[in-house]
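Here is what each chain is made of, one letter per residue.
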Amino acid sequence: MNGAELMVSALENEGVQQIFGIPGEENLDVVEALRRSRIKLVLTRHEQAAAFMAATHGRLTGKPGVCLATLGPGALNLTTGAAFALLGAMPMVMITGQKGILSRKQAGFQVVDVVSTMRPLTKMADQIVSPATIPTMVREAFRVAQQERPGPVHLELPEDVARQAGPDMAPIPPHRIDQPIAARAAIDRAAQLIFNAERPLIMLGAAASRPRLAAPLSEFVTRLEIPFFNTQMGKGAVTGGSNLYMGTAALSERDYVHRAIDRADLIIAIGHDTVEKPPFFMGPNGPTVLHVGYLPATVEEVFFPQAELIGDVGPSLTLLADELEHRLPRAKALLPLREDILAHIADRAEESRYPPTPQRIVHDVRQAMPEDGIVCLDNGMYKIWFARNYRTHVANTLLLDNALATMGAGLPSAVMAALLNPDRRVLAVCGDGGFMMNSQELETAVRLKLNLVALVLVDHAYGMIRWKQAVDGFPDFGMTFGDPDFAAYARAYGAKGSRVESAEGLAPALEAAFMGGGVHLIMTPIDYSENERVLVDELRAQDATIGAGAA
Ligand SMILES: Cc1ncc(C[n+]2csc(CCOP(=O)(O)OP(=O)(O)O)c2C)c(N)n1
Ligand SMILES: [Mg+2]
(Lines give C-alpha, C1' and ligand atoms only; values in the text may rest on other atoms or scores of the structure.)
(Ligands and ions follow the chains in the order given, each with its own letter.)
Protein backbone atom coordinates (compact mmCIF):
# COMPACT_ATOMS: atom_id res chain seq x y z
CA MET A 1 0.00 0.00 0.00
CA ASN A 2 1.23 3.50 -0.68
CA GLY A 3 0.87 6.37 1.77
CA ALA A 4 -2.37 7.58 0.22
CA GLU A 5 -3.92 4.12 0.43
CA LEU A 6 -2.85 3.77 4.05
CA MET A 7 -4.41 7.16 4.74
CA VAL A 8 -7.72 6.29 3.08
CA SER A 9 -7.89 2.89 4.75
CA ALA A 10 -7.28 4.58 8.12
CA LEU A 11 -10.10 7.04 7.37
CA GLU A 12 -12.46 4.21 6.43
CA ASN A 13 -11.50 2.55 9.69
CA GLU A 14 -12.72 5.67 11.52
CA GLY A 15 -16.10 5.38 9.81
CA VAL A 16 -15.58 8.42 7.57
CA GLN A 17 -18.25 8.55 4.88
CA GLN A 18 -17.40 11.70 3.03
CA ILE A 19 -14.55 14.15 2.65
CA PHE A 20 -15.18 17.77 1.72
CA GLY A 21 -12.75 19.86 -0.20
CA ILE A 22 -10.80 20.82 -3.27
CA PRO A 23 -7.81 18.68 -4.25
CA GLY A 24 -4.67 19.97 -5.87
CA GLU A 25 -2.08 18.05 -7.83
CA GLU A 26 -0.32 17.15 -4.57
CA ASN A 27 -3.42 15.24 -3.45
CA LEU A 28 -3.90 13.17 -6.60
CA ASP A 29 -2.74 9.90 -5.03
CA VAL A 30 -5.23 10.46 -2.22
CA VAL A 31 -7.96 11.18 -4.77
CA GLU A 32 -7.12 7.95 -6.57
CA ALA A 33 -7.26 6.00 -3.30
CA LEU A 34 -10.60 7.65 -2.54
CA ARG A 35 -11.94 6.64 -5.94
CA ARG A 36 -11.38 3.04 -4.95
CA SER A 37 -12.81 3.42 -1.45
CA ARG A 38 -16.25 3.63 0.16
CA ILE A 39 -15.62 7.28 1.04
CA LYS A 40 -17.32 9.91 -1.08
CA LEU A 41 -15.36 12.96 -2.19
CA VAL A 42 -17.64 15.99 -1.95
CA LEU A 43 -16.19 18.85 -3.94
CA THR A 44 -16.91 22.33 -2.66
CA ARG A 45 -16.34 25.65 -4.41
CA HIS A 46 -14.12 27.09 -1.70
CA GLU A 47 -11.99 25.32 0.92
CA GLN A 48 -13.37 27.56 3.65
CA ALA A 49 -16.83 26.14 3.01
CA ALA A 50 -15.41 22.59 3.10
CA ALA A 51 -13.98 23.27 6.55
CA PHE A 52 -17.29 24.75 7.77
CA MET A 53 -19.07 21.63 6.51
CA ALA A 54 -16.60 19.24 8.13
CA ALA A 55 -16.75 21.16 11.43
CA THR A 56 -20.55 21.09 11.37
CA HIS A 57 -20.41 17.33 10.84
CA GLY A 58 -18.42 17.15 14.05
CA ARG A 59 -20.80 19.47 15.85
CA LEU A 60 -23.89 17.48 14.87
CA THR A 61 -22.59 13.94 15.26
CA GLY A 62 -19.71 14.18 17.75
CA LYS A 63 -17.56 12.42 15.11
CA PRO A 64 -14.92 14.45 13.28
CA GLY A 65 -15.81 15.68 9.82
CA VAL A 66 -12.95 15.51 7.33
CA CYS A 67 -11.81 18.09 4.80
CA LEU A 68 -9.10 18.03 2.19
CA ALA A 69 -7.09 20.75 0.50
CA THR A 70 -3.94 21.19 -1.44
CA LEU A 71 -0.81 22.89 -0.16
CA GLY A 72 -0.31 26.67 0.15
CA PRO A 73 -3.38 28.54 -1.05
CA GLY A 74 -5.79 25.65 -0.54
CA ALA A 75 -4.52 24.92 2.95
CA LEU A 76 -4.61 28.60 3.91
CA ASN A 77 -8.26 28.76 2.84
CA LEU A 78 -9.01 26.18 5.55
CA THR A 79 -7.74 28.40 8.35
CA THR A 80 -10.97 30.27 9.10
CA GLY A 81 -12.75 26.92 9.28
CA ALA A 82 -10.05 25.68 11.64
CA ALA A 83 -10.63 28.64 13.94
CA PHE A 84 -14.40 28.10 13.68
CA ALA A 85 -13.96 24.50 14.86
CA LEU A 86 -11.37 25.41 17.50
CA LEU A 87 -13.44 28.10 19.18
CA GLY A 88 -16.68 26.23 18.63
CA ALA A 89 -15.26 22.93 20.01
CA MET A 90 -16.19 20.97 16.90
CA PRO A 91 -14.20 17.84 16.08
CA MET A 92 -12.66 18.00 12.61
CA VAL A 93 -9.73 16.49 10.73
CA MET A 94 -8.04 18.55 8.02
CA ILE A 95 -5.74 16.89 5.52
CA THR A 96 -3.58 18.99 3.23
CA GLY A 97 -1.01 18.16 0.58
CA GLN A 98 2.52 19.45 0.31
CA LYS A 99 5.38 19.30 -2.17
CA GLY A 100 7.65 16.30 -1.78
CA ILE A 101 9.94 16.49 1.21
CA LEU A 102 12.76 14.27 -0.07
CA SER A 103 13.55 16.44 -3.09
CA ARG A 104 12.62 19.95 -4.16
CA LYS A 105 12.06 19.77 -7.91
CA GLN A 106 9.88 22.89 -7.91
CA ALA A 107 12.00 24.80 -5.42
CA GLY A 108 9.78 26.97 -3.25
CA PHE A 109 6.78 27.16 -5.59
CA GLN A 110 3.54 27.36 -3.56
CA VAL A 111 5.30 26.27 -0.42
CA VAL A 112 4.29 27.86 2.84
CA ASP A 113 4.76 26.39 6.29
CA VAL A 114 1.21 25.13 6.68
CA VAL A 115 1.85 23.06 9.79
CA SER A 116 3.13 26.12 11.65
CA THR A 117 0.18 28.15 10.38
CA MET A 118 -2.24 25.53 11.65
CA ARG A 119 -0.62 24.99 15.03
CA PRO A 120 -2.31 27.86 16.92
CA LEU A 121 -5.61 27.08 15.18
CA THR A 122 -5.77 23.39 16.06
CA LYS A 123 -5.35 20.91 18.91
CA MET A 124 -2.64 19.12 16.92
CA ALA A 125 -0.87 19.81 13.61
CA ASP A 126 1.70 17.47 12.18
CA GLN A 127 3.50 16.51 8.99
CA ILE A 128 3.53 12.86 7.95
CA VAL A 129 7.04 11.84 6.93
CA SER A 130 6.67 8.10 6.38
CA PRO A 131 3.83 5.82 5.25
CA ALA A 132 4.47 3.45 8.17
CA THR A 133 3.37 6.13 10.65
CA ILE A 134 0.03 6.80 8.95
CA PRO A 135 -2.22 4.33 10.81
CA THR A 136 -1.12 5.61 14.21
CA MET A 137 -1.12 9.27 13.22
CA VAL A 138 -4.64 9.08 11.83
CA ARG A 139 -5.93 7.24 14.90
CA GLU A 140 -4.24 9.79 17.13
CA ALA A 141 -5.71 12.65 15.08
CA PHE A 142 -9.24 11.32 15.51
CA ARG A 143 -8.70 10.64 19.20
CA VAL A 144 -7.44 14.16 19.84
CA ALA A 145 -10.16 15.79 17.73
CA GLN A 146 -12.93 13.97 19.59
CA GLN A 147 -11.64 14.10 23.11
CA GLU A 148 -13.10 16.81 25.33
CA ARG A 149 -12.74 19.64 24.60
CA PRO A 150 -13.26 18.63 20.92
CA GLY A 151 -11.69 20.59 18.09
CA PRO A 152 -9.78 20.51 14.81
CA VAL A 153 -6.57 18.66 14.01
CA HIS A 154 -4.37 18.91 10.94
CA LEU A 155 -2.29 16.35 9.06
CA GLU A 156 -0.04 17.30 6.18
CA LEU A 157 0.61 14.52 3.68
CA PRO A 158 3.41 15.47 1.27
CA GLU A 159 2.99 14.12 -2.23
CA ASP A 160 6.07 11.87 -2.17
CA VAL A 161 5.01 10.28 1.12
CA ALA A 162 1.54 9.74 -0.37
CA ARG A 163 3.05 7.96 -3.37
CA GLN A 164 5.71 6.01 -1.51
CA ALA A 165 5.14 2.29 -0.99
CA GLY A 166 4.70 1.40 2.63
CA PRO A 167 4.05 -1.76 4.56
CA ASP A 168 0.62 -3.39 4.31
CA MET A 169 -0.57 -2.37 7.73
CA ALA A 170 -3.98 -2.81 9.26
CA PRO A 171 -5.44 0.36 10.73
CA ILE A 172 -5.83 0.64 14.49
CA PRO A 173 -9.39 -0.09 15.56
CA PRO A 174 -10.95 2.74 17.58
CA HIS A 175 -12.42 1.78 20.91
CA ARG A 176 -14.91 3.43 23.19
CA ILE A 177 -13.51 5.62 25.93
CA ASP A 178 -15.83 6.54 28.77
CA GLN A 179 -14.98 9.69 30.61
CA PRO A 180 -14.63 9.58 34.38
CA ILE A 181 -17.71 10.64 36.32
CA ALA A 182 -17.39 13.42 38.92
CA ALA A 183 -16.06 12.35 42.32
CA ARG A 184 -18.59 11.56 45.04
CA ALA A 185 -17.30 14.34 47.28
CA ALA A 186 -17.77 16.87 44.46
CA ILE A 187 -21.31 15.66 43.84
CA ASP A 188 -22.13 15.97 47.53
CA ARG A 189 -20.71 19.49 47.68
CA ALA A 190 -22.67 20.53 44.60
CA ALA A 191 -25.84 18.98 46.02
CA GLN A 192 -25.39 20.90 49.27
CA LEU A 193 -24.92 24.17 47.39
CA ILE A 194 -28.08 23.64 45.36
CA PHE A 195 -30.00 22.48 48.43
CA ASN A 196 -29.09 25.70 50.27
CA ALA A 197 -29.91 28.02 47.37
CA GLU A 198 -32.88 30.36 47.78
CA ARG A 199 -33.23 31.26 44.10
CA PRO A 200 -31.38 28.74 41.90
CA LEU A 201 -31.15 29.06 38.15
CA ILE A 202 -29.62 26.70 35.59
CA MET A 203 -27.62 28.02 32.67
CA LEU A 204 -26.91 25.82 29.67
CA GLY A 205 -23.77 26.74 27.79
CA ALA A 206 -22.15 25.66 24.54
CA ALA A 207 -20.92 22.27 25.79
CA ALA A 208 -24.48 21.42 26.85
CA SER A 209 -25.19 20.98 23.14
CA ARG A 210 -22.89 17.99 22.71
CA PRO A 211 -25.02 15.44 20.86
CA ARG A 212 -24.64 12.71 23.49
CA LEU A 213 -25.80 14.99 26.30
CA ALA A 214 -29.32 15.81 25.10
CA ALA A 215 -31.11 13.03 26.98
CA PRO A 216 -29.44 13.14 30.44
CA LEU A 217 -29.47 16.94 30.46
CA SER A 218 -33.17 17.15 29.68
CA GLU A 219 -33.82 14.61 32.41
CA PHE A 220 -31.79 16.57 34.96
CA VAL A 221 -33.68 19.80 34.33
CA THR A 222 -37.12 18.21 34.39
CA ARG A 223 -36.35 16.11 37.49
CA LEU A 224 -35.15 19.06 39.57
CA GLU A 225 -37.64 21.57 38.12
CA ILE A 226 -35.16 24.40 38.42
CA PRO A 227 -35.84 27.03 35.75
CA PHE A 228 -33.15 27.40 33.12
CA PHE A 229 -31.84 29.82 30.56
CA ASN A 230 -29.21 29.24 27.95
CA THR A 231 -26.35 30.93 26.22
CA GLN A 232 -26.60 31.37 22.47
CA MET A 233 -24.76 28.13 21.76
CA GLY A 234 -26.56 26.26 24.54
CA LYS A 235 -29.88 26.70 22.81
CA GLY A 236 -32.09 23.71 22.30
CA ALA A 237 -30.33 21.37 24.66
CA VAL A 238 -33.39 20.59 26.80
CA THR A 239 -36.22 18.56 25.39
CA GLY A 240 -39.57 18.59 27.13
CA GLY A 241 -38.70 21.14 29.81
CA SER A 242 -39.98 24.18 28.00
CA ASN A 243 -42.25 25.23 30.89
CA LEU A 244 -39.01 25.94 32.79
CA TYR A 245 -37.35 27.93 30.01
CA MET A 246 -36.62 31.50 31.08
CA GLY A 247 -34.97 32.82 27.94
CA THR A 248 -31.67 33.10 26.12
CA ALA A 249 -28.90 35.43 27.13
CA ALA A 250 -28.14 36.82 23.68
CA LEU A 251 -26.80 40.03 25.22
CA SER A 252 -24.46 40.16 28.21
CA GLU A 253 -26.62 42.35 30.42
CA ARG A 254 -29.84 44.31 30.69
CA ASP A 255 -31.97 42.00 28.57
CA TYR A 256 -35.23 40.75 30.07
CA VAL A 257 -33.69 37.38 30.93
CA HIS A 258 -31.23 39.25 33.16
CA ARG A 259 -34.10 40.03 35.51
CA ALA A 260 -33.91 36.38 36.53
CA ILE A 261 -30.12 36.13 36.29
CA ASP A 262 -29.62 39.23 38.46
CA ARG A 263 -31.93 37.86 41.15
CA ALA A 264 -30.51 34.34 41.27
CA ASP A 265 -28.34 33.52 44.26
CA LEU A 266 -26.95 30.38 42.58
CA ILE A 267 -26.34 29.75 38.90
CA ILE A 268 -25.66 26.16 37.93
CA ALA A 269 -23.67 26.77 34.76
CA ILE A 270 -23.71 23.54 32.76
CA GLY A 271 -21.15 23.36 29.99
CA HIS A 272 -20.38 27.05 29.80
CA ASP A 273 -17.48 27.74 27.50
CA THR A 274 -15.94 31.18 27.86
CA VAL A 275 -15.36 31.42 24.11
CA GLU A 276 -18.94 32.66 24.00
CA LYS A 277 -19.78 36.30 24.40
CA PRO A 278 -20.55 36.44 28.16
CA PRO A 279 -24.19 35.55 28.92
CA PHE A 280 -23.85 37.63 32.10
CA PHE A 281 -21.04 39.29 33.98
CA MET A 282 -19.95 37.88 37.30
CA GLY A 283 -19.12 40.54 39.85
CA PRO A 284 -18.12 40.90 43.47
CA ASN A 285 -21.73 40.81 44.69
CA GLY A 286 -22.71 37.43 43.42
CA PRO A 287 -24.43 35.31 42.36
CA THR A 288 -22.52 32.15 43.29
CA VAL A 289 -21.70 30.07 40.23
CA LEU A 290 -21.39 26.28 40.20
CA HIS A 291 -19.60 25.21 37.02
CA VAL A 292 -20.56 21.78 35.71
CA GLY A 293 -18.36 20.64 32.86
CA TYR A 294 -16.19 18.06 31.21
CA LEU A 295 -13.22 20.22 32.09
CA PRO A 296 -12.57 22.83 34.78
CA ALA A 297 -13.75 26.34 34.02
CA THR A 298 -11.41 28.81 32.39
CA VAL A 299 -11.05 31.67 34.83
CA GLU A 300 -11.90 35.01 33.25
CA GLU A 301 -12.51 38.53 34.45
CA VAL A 302 -16.23 37.92 33.92
CA PHE A 303 -16.45 34.22 34.88
CA PHE A 304 -14.78 32.77 38.00
CA PRO A 305 -16.98 30.02 39.46
CA GLN A 306 -16.78 29.38 43.18
CA ALA A 307 -17.55 25.67 42.88
CA GLU A 308 -17.12 23.02 40.19
CA LEU A 309 -18.42 19.60 39.29
CA ILE A 310 -16.03 18.10 36.76
CA GLY A 311 -16.46 14.86 34.87
CA ASP A 312 -18.66 13.24 32.26
CA VAL A 313 -21.55 15.67 32.44
CA GLY A 314 -24.49 13.34 31.69
CA PRO A 315 -23.85 10.64 34.32
CA SER A 316 -22.62 13.23 36.86
CA LEU A 317 -25.88 15.14 36.53
CA THR A 318 -27.87 11.95 36.94
CA LEU A 319 -26.10 11.26 40.26
CA LEU A 320 -26.73 14.84 41.33
CA ALA A 321 -30.42 14.56 40.46
CA ASP A 322 -30.62 11.29 42.43
CA GLU A 323 -29.55 13.25 45.52
CA LEU A 324 -31.81 16.23 45.00
CA GLU A 325 -35.03 15.14 43.30
CA HIS A 326 -38.11 16.13 45.38
CA ARG A 327 -35.86 17.76 47.98
CA LEU A 328 -35.86 21.33 46.64
CA PRO A 329 -38.87 23.31 47.86
CA ARG A 330 -37.35 26.54 46.49
CA ALA A 331 -36.45 25.11 43.06
CA LYS A 332 -39.03 27.24 41.27
CA ALA A 333 -38.42 30.47 43.19
CA LEU A 334 -37.56 32.41 40.02
CA LEU A 335 -40.25 30.87 37.85
CA PRO A 336 -42.83 33.63 38.45
CA LEU A 337 -40.59 35.98 36.42
CA ARG A 338 -40.91 33.74 33.40
CA GLU A 339 -44.17 34.90 31.94
CA ASP A 340 -43.21 38.53 31.93
CA ILE A 341 -39.80 37.86 30.37
CA LEU A 342 -41.26 35.73 27.59
CA ALA A 343 -44.10 38.18 26.96
CA HIS A 344 -41.56 40.89 26.16
CA ILE A 345 -39.76 38.54 23.83
CA ALA A 346 -42.98 37.77 21.97
CA ASP A 347 -43.75 41.48 21.57
CA ARG A 348 -44.61 42.54 18.00
CA ALA A 349 -43.97 39.06 16.65
CA GLU A 350 -47.03 39.31 14.43
CA GLU A 351 -46.86 42.93 13.36
CA SER A 352 -47.70 43.35 9.70
CA ARG A 353 -45.20 46.03 8.77
CA TYR A 354 -43.37 45.75 5.45
CA PRO A 355 -40.43 45.26 5.22
CA PRO A 356 -40.91 42.78 8.05
CA THR A 357 -39.28 43.28 11.44
CA PRO A 358 -36.75 40.78 12.79
CA GLN A 359 -39.34 39.66 15.37
CA ARG A 360 -41.84 38.83 12.62
CA ILE A 361 -39.23 36.97 10.60
CA VAL A 362 -38.23 34.85 13.61
CA HIS A 363 -41.90 34.16 14.30
CA ASP A 364 -42.67 33.11 10.73
CA VAL A 365 -39.59 30.91 10.52
CA ARG A 366 -40.60 29.16 13.74
CA GLN A 367 -44.04 28.50 12.28
CA ALA A 368 -42.54 26.97 9.16
CA MET A 369 -40.08 24.74 11.01
CA PRO A 370 -41.24 21.53 12.67
CA GLU A 371 -39.76 20.86 16.12
CA ASP A 372 -36.89 18.92 14.62
CA GLY A 373 -36.24 21.36 11.76
CA ILE A 374 -32.72 22.81 11.76
CA VAL A 375 -32.00 26.52 11.34
CA CYS A 376 -28.39 27.43 10.53
CA LEU A 377 -27.46 31.05 11.06
CA ASP A 378 -24.74 33.07 9.46
CA ASN A 379 -23.44 36.07 11.42
CA GLY A 380 -25.20 39.40 11.41
CA MET A 381 -27.68 41.45 13.37
CA TYR A 382 -30.48 38.89 12.98
CA LYS A 383 -28.41 36.41 15.03
CA ILE A 384 -29.22 38.33 18.20
CA TRP A 385 -32.92 38.28 17.31
CA PHE A 386 -32.93 34.56 16.56
CA ALA A 387 -30.97 33.79 19.71
CA ARG A 388 -33.37 35.82 21.87
CA ASN A 389 -36.67 35.04 20.19
CA TYR A 390 -36.50 31.66 18.48
CA ARG A 391 -37.74 28.89 20.78
CA THR A 392 -36.11 25.48 20.40
CA HIS A 393 -37.42 22.13 21.57
CA VAL A 394 -34.80 19.73 20.29
CA ALA A 395 -31.03 19.83 20.75
CA ASN A 396 -28.98 21.33 17.93
CA THR A 397 -31.91 22.72 15.99
CA LEU A 398 -30.58 26.29 15.99
CA LEU A 399 -26.97 26.21 14.85
CA LEU A 400 -25.29 29.50 15.43
CA ASP A 401 -21.72 30.54 15.96
CA ASN A 402 -21.20 32.69 19.01
CA ALA A 403 -17.55 31.68 19.29
CA LEU A 404 -15.58 32.74 16.21
CA ALA A 405 -18.76 34.45 15.03
CA THR A 406 -17.54 34.37 11.48
CA MET A 407 -19.60 35.42 8.51
CA GLY A 408 -19.94 32.87 5.72
CA ALA A 409 -20.70 29.70 7.71
CA GLY A 410 -24.49 29.75 7.42
CA LEU A 411 -24.93 28.14 4.02
CA PRO A 412 -22.11 25.55 4.39
CA SER A 413 -23.40 24.42 7.79
CA ALA A 414 -26.89 24.09 6.31
CA VAL A 415 -25.44 21.96 3.51
CA MET A 416 -23.96 19.63 6.13
CA ALA A 417 -27.14 19.56 8.21
CA ALA A 418 -29.18 18.71 5.10
CA LEU A 419 -26.76 15.96 4.07
CA LEU A 420 -27.00 14.36 7.50
CA ASN A 421 -30.75 14.82 7.83
CA PRO A 422 -32.39 14.38 4.43
CA ASP A 423 -35.83 14.00 6.03
CA ARG A 424 -35.77 17.12 8.17
CA ARG A 425 -36.39 20.70 7.11
CA VAL A 426 -33.13 22.66 6.98
CA LEU A 427 -33.00 26.43 6.65
CA ALA A 428 -29.97 28.71 6.31
CA VAL A 429 -30.59 32.27 7.47
CA CYS A 430 -28.03 34.75 6.18
CA GLY A 431 -27.59 38.47 5.81
CA ASP A 432 -26.88 39.91 2.40
CA GLY A 433 -23.28 40.43 3.54
CA GLY A 434 -22.56 37.00 5.01
CA PHE A 435 -24.43 35.11 2.30
CA MET A 436 -22.13 36.50 -0.38
CA MET A 437 -19.09 35.19 1.47
CA ASN A 438 -19.92 31.59 0.55
CA SER A 439 -22.86 31.87 -1.84
CA GLN A 440 -20.98 29.78 -4.39
CA GLU A 441 -21.93 26.73 -2.32
CA LEU A 442 -25.40 26.98 -3.81
CA GLU A 443 -23.84 25.01 -6.64
CA THR A 444 -22.64 22.33 -4.21
CA ALA A 445 -26.12 22.09 -2.69
CA VAL A 446 -27.73 21.78 -6.15
CA ARG A 447 -25.16 19.18 -7.27
CA LEU A 448 -25.78 17.13 -4.12
CA LYS A 449 -29.53 17.35 -4.79
CA LEU A 450 -30.17 18.58 -1.27
CA ASN A 451 -33.45 19.78 0.13
CA LEU A 452 -32.46 23.10 1.59
CA VAL A 453 -33.91 26.58 1.87
CA ALA A 454 -31.78 29.71 2.24
CA LEU A 455 -33.40 32.85 3.59
CA VAL A 456 -31.43 35.97 2.72
CA LEU A 457 -32.19 39.12 4.69
CA VAL A 458 -31.60 42.18 2.58
CA ASP A 459 -30.71 45.56 4.07
CA HIS A 460 -27.96 46.40 1.56
CA ALA A 461 -25.59 46.80 4.48
CA TYR A 462 -23.30 45.23 7.02
CA GLY A 463 -26.22 45.87 9.30
CA MET A 464 -24.74 44.73 12.58
CA ILE A 465 -21.73 46.99 12.30
CA ARG A 466 -23.92 49.82 11.13
CA TRP A 467 -26.02 49.31 14.27
CA LYS A 468 -22.95 49.29 16.54
CA GLN A 469 -21.75 52.42 14.77
CA ALA A 470 -25.04 54.13 15.61
CA VAL A 471 -25.12 52.86 19.20
CA ASP A 472 -21.61 54.17 19.77
CA GLY A 473 -22.67 57.58 18.46
CA PHE A 474 -20.72 57.53 15.20
CA PRO A 475 -22.26 59.02 12.05
CA ASP A 476 -23.74 56.52 9.57
CA PHE A 477 -20.82 55.91 7.21
CA GLY A 478 -19.30 53.28 4.98
CA MET A 479 -21.47 50.23 5.67
CA THR A 480 -23.79 50.01 2.68
CA PHE A 481 -23.48 48.19 -0.62
CA GLY A 482 -25.47 47.08 -3.64
CA ASP A 483 -26.83 43.57 -3.98
CA PRO A 484 -27.58 41.27 -6.89
CA ASP A 485 -31.15 40.12 -7.42
CA PHE A 486 -30.69 37.15 -5.12
CA ALA A 487 -33.66 35.22 -6.51
CA ALA A 488 -32.26 35.48 -10.04
CA TYR A 489 -28.80 34.66 -8.69
CA ALA A 490 -30.15 31.41 -7.18
CA ARG A 491 -31.90 30.52 -10.43
CA ALA A 492 -28.63 30.96 -12.28
CA TYR A 493 -27.28 28.10 -10.16
CA GLY A 494 -30.22 25.87 -11.06
CA ALA A 495 -31.86 26.49 -7.68
CA LYS A 496 -35.24 28.12 -7.21
CA GLY A 497 -35.52 31.72 -6.12
CA SER A 498 -38.32 33.87 -4.81
CA ARG A 499 -38.84 37.25 -3.20
CA VAL A 500 -41.08 38.25 -0.31
CA GLU A 501 -43.28 41.16 -1.38
CA SER A 502 -45.49 41.75 1.64
CA ALA A 503 -45.58 41.31 5.40
CA GLU A 504 -47.80 38.27 4.96
CA GLY A 505 -45.59 36.85 2.24
CA LEU A 506 -42.81 35.16 4.18
CA ALA A 507 -44.74 32.34 5.83
CA PRO A 508 -46.29 30.99 2.59
CA ALA A 509 -42.98 31.47 0.76
CA LEU A 510 -41.20 29.30 3.32
CA GLU A 511 -43.92 26.68 3.21
CA ALA A 512 -43.91 26.57 -0.59
CA ALA A 513 -40.12 26.35 -0.70
CA PHE A 514 -40.03 23.39 1.69
CA MET A 515 -42.93 21.66 -0.03
CA GLY A 516 -41.34 22.15 -3.44
CA GLY A 517 -38.08 20.46 -2.33
CA GLY A 518 -34.64 21.00 -3.80
CA VAL A 519 -32.58 24.11 -3.19
CA HIS A 520 -34.59 27.28 -2.82
CA LEU A 521 -33.50 30.82 -1.97
CA ILE A 522 -35.98 33.30 -0.51
CA MET A 523 -34.98 36.92 -0.27
CA THR A 524 -36.76 39.34 1.99
CA PRO A 525 -36.06 42.91 2.93
CA ILE A 526 -35.77 43.48 6.69
CA ASP A 527 -36.66 46.51 8.79
CA TYR A 528 -33.79 47.00 11.20
CA SER A 529 -35.20 50.08 12.93
CA GLU A 530 -36.24 47.65 15.66
CA ASN A 531 -32.59 47.19 16.63
CA GLU A 532 -32.39 50.64 18.10
CA ARG A 533 -35.94 50.68 19.48
CA VAL A 534 -35.77 47.36 21.33
CA LEU A 535 -32.15 46.45 21.88
CA VAL A 536 -31.10 49.91 22.97
CA ASP A 537 -33.96 52.22 23.98
CA GLU A 538 -36.41 49.71 25.44
CA LEU A 539 -33.78 47.72 27.31
CA ARG A 540 -32.22 50.87 28.74
CA ALA A 541 -35.63 52.00 29.94
CA GLN A 542 -36.49 48.68 31.59
CA ASP A 543 -33.06 48.57 33.17
CA ALA A 544 -33.70 51.96 34.76
CA THR A 545 -37.06 50.76 36.09
CA ILE A 546 -35.57 47.60 37.55
CA GLY A 547 -32.68 49.57 39.01
CA ALA A 548 -35.17 51.88 40.72
CA GLY A 549 -37.22 48.91 41.94
CA ALA A 550 -34.24 47.16 43.40
CA ALA A 551 -32.94 50.22 45.24
C1 LIG B 1 -15.62 37.04 8.24
C2 LIG B 1 -16.13 38.18 9.03
N3 LIG B 1 -15.88 39.45 8.65
C4 LIG B 1 -16.36 40.50 9.35
C5 LIG B 1 -17.09 40.28 10.49
C6 LIG B 1 -17.63 41.47 11.29
N7 LIG B 1 -19.09 41.51 11.10
C8 LIG B 1 -19.94 40.95 11.98
S9 LIG B 1 -21.52 41.07 11.54
C10 LIG B 1 -21.13 41.93 10.15
C11 LIG B 1 -22.18 42.42 9.21
C12 LIG B 1 -23.01 41.31 8.67
O13 LIG B 1 -23.75 41.81 7.58
P14 LIG B 1 -24.91 40.96 6.96
O15 LIG B 1 -24.43 39.58 6.70
O16 LIG B 1 -25.49 41.68 5.81
O17 LIG B 1 -25.95 40.84 8.14
P18 LIG B 1 -26.81 42.06 8.77
O19 LIG B 1 -26.15 42.42 10.06
O20 LIG B 1 -26.81 43.18 7.78
O21 LIG B 1 -28.16 41.48 8.96
C22 LIG B 1 -19.74 42.10 10.04
C23 LIG B 1 -19.06 42.82 8.95
C24 LIG B 1 -17.30 38.94 10.89
N25 LIG B 1 -17.98 38.62 11.99
N26 LIG B 1 -16.83 37.92 10.13
MG1 LIG C 1 -27.04 43.04 5.69
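Presented here is an overview of the structure given in this document. (Residues numbered from 1 in each chain as written. Chains lettered and ligands numbered in written order. Predicted model: local features only at pLDDT ≥ 70, side-chain atom pairs only at ≥ 80, totals over all residues. Heavy atoms only, no water.)

Bringing the packing of aromatic side chains into the picture now. This model, assessed by the stated rule, comprises 6 aromatic pairs. Seen from their ring centres, Phe386 and Tyr390 are 5.8 Å apart, and the 40° between their planes marks the pair as tilted. There is no split in this pair, since Phe386 and Tyr390 are both buried. Positioned above the aromatic ring of Phe195 is the side chain of Arg327, whose terminal nitrogen or guanidinium carbon lies 4.8 Å from the ring centre. (Phe/Tyr/Trp six-rings, centres within 6.5 Å; stacked < 30°, edge-to-face > 60°. Buried < 20%, exposed > 50% of the residue type's maximum accessible area, 1.4 Å probe, protein only. Lys NZ or Arg CZ within 6 Å of the ring centre and 35° of its normal.)

If you look at soluble globular proteins, the nonpolar side chains tend to sit buried side by side. Counting 97 residues, the largest nonpolar core has Ile270, Leu320, Val365, Val375, Phe386 and Leu427 as its most contacted members. With 6 residues, helix H15 (residues 381-389) is the single largest residue contributor to this core. Setting aside anything within four residues of it in sequence, one finds Leu320 in contact with Ile187, Ala190, Ala191, Ile194, Phe220 and Leu309. Counting 53 residues, the second largest nonpolar core, distinct from the first, contains Ala55, Met94, Ala125 and Ala490. (Core = buried A, V, L, I, M, F, W, Y, C linked by side-chain atoms within 4.5 Å. Helix = DSSP H or I, 4+ residues; strand = E, 2+ residues; numbered from the N terminus. Contact = heavy atoms within 4.5 Å.)

Before going further, it helps to examine the site of ligand 1. Inspection of the region around ligand 1 gives 19 residues, with Asp432, Gly433, Gly434, Gly463 and Tyr528 positioned closest. Here an oxygen atom of ligand 1 and a backbone polar atom of Met381 are 2.8 Å apart. One of the backbone nitrogen or oxygen atoms of Gly463 is found 2.7 Å away from an oxygen atom of ligand 1. Within the complex, the protein chains bury 77% of what would otherwise be the 580 Å² of accessible surface of ligand 1. Where the shell around ligand 1 is concerned, the elements lending two or more residues are H15, helix H17 (432-437) and helix H19 (463-471). The leading source of residues in the shell around ligand 1 is H17, at 4 residues. In terms of residue class, the shell around ligand 1 is made up of 10 nonpolar, 7 polar and 2 charged. (Near = heavy atom within 4 Å. Polar contact = N/O pair within 3.5 Å; in protein donor to acceptor, adjacent residues only side chain to side chain. Areas by Shrake-Rupley, 256 points an atom, 1.4 Å probe, with all protein chains shown as cover. Nonpolar A, V, L, I, M, F, W, Y, C, P; charged D, E, K, R; others polar.)

So, on to the sheet that holds strand E7 (residues 200-204). If you trace the 6 strands from one edge of the open sheet to the other, you get E9-E8-E7-E10-E11-E12, paired in parallel fashion. Each edge of the open sheet carries a strand with a single partner, namely strand E9 (245-248) and strand E12 (307-310). When strand polarity is set aside, the average angle formed by the axes of neighbouring strands in this sheet is 20°. Across 3 bridges, the pairing between E7 and strand E8 (residues 228-230) is parallel. Looking at E8, one finds that Leu204 is bridged to Asn230. (Pairing = 2+ DSSP bridges. Axes fitted to C-alpha atoms, helices over the stretch in contact; angles between N-to-C directions.)

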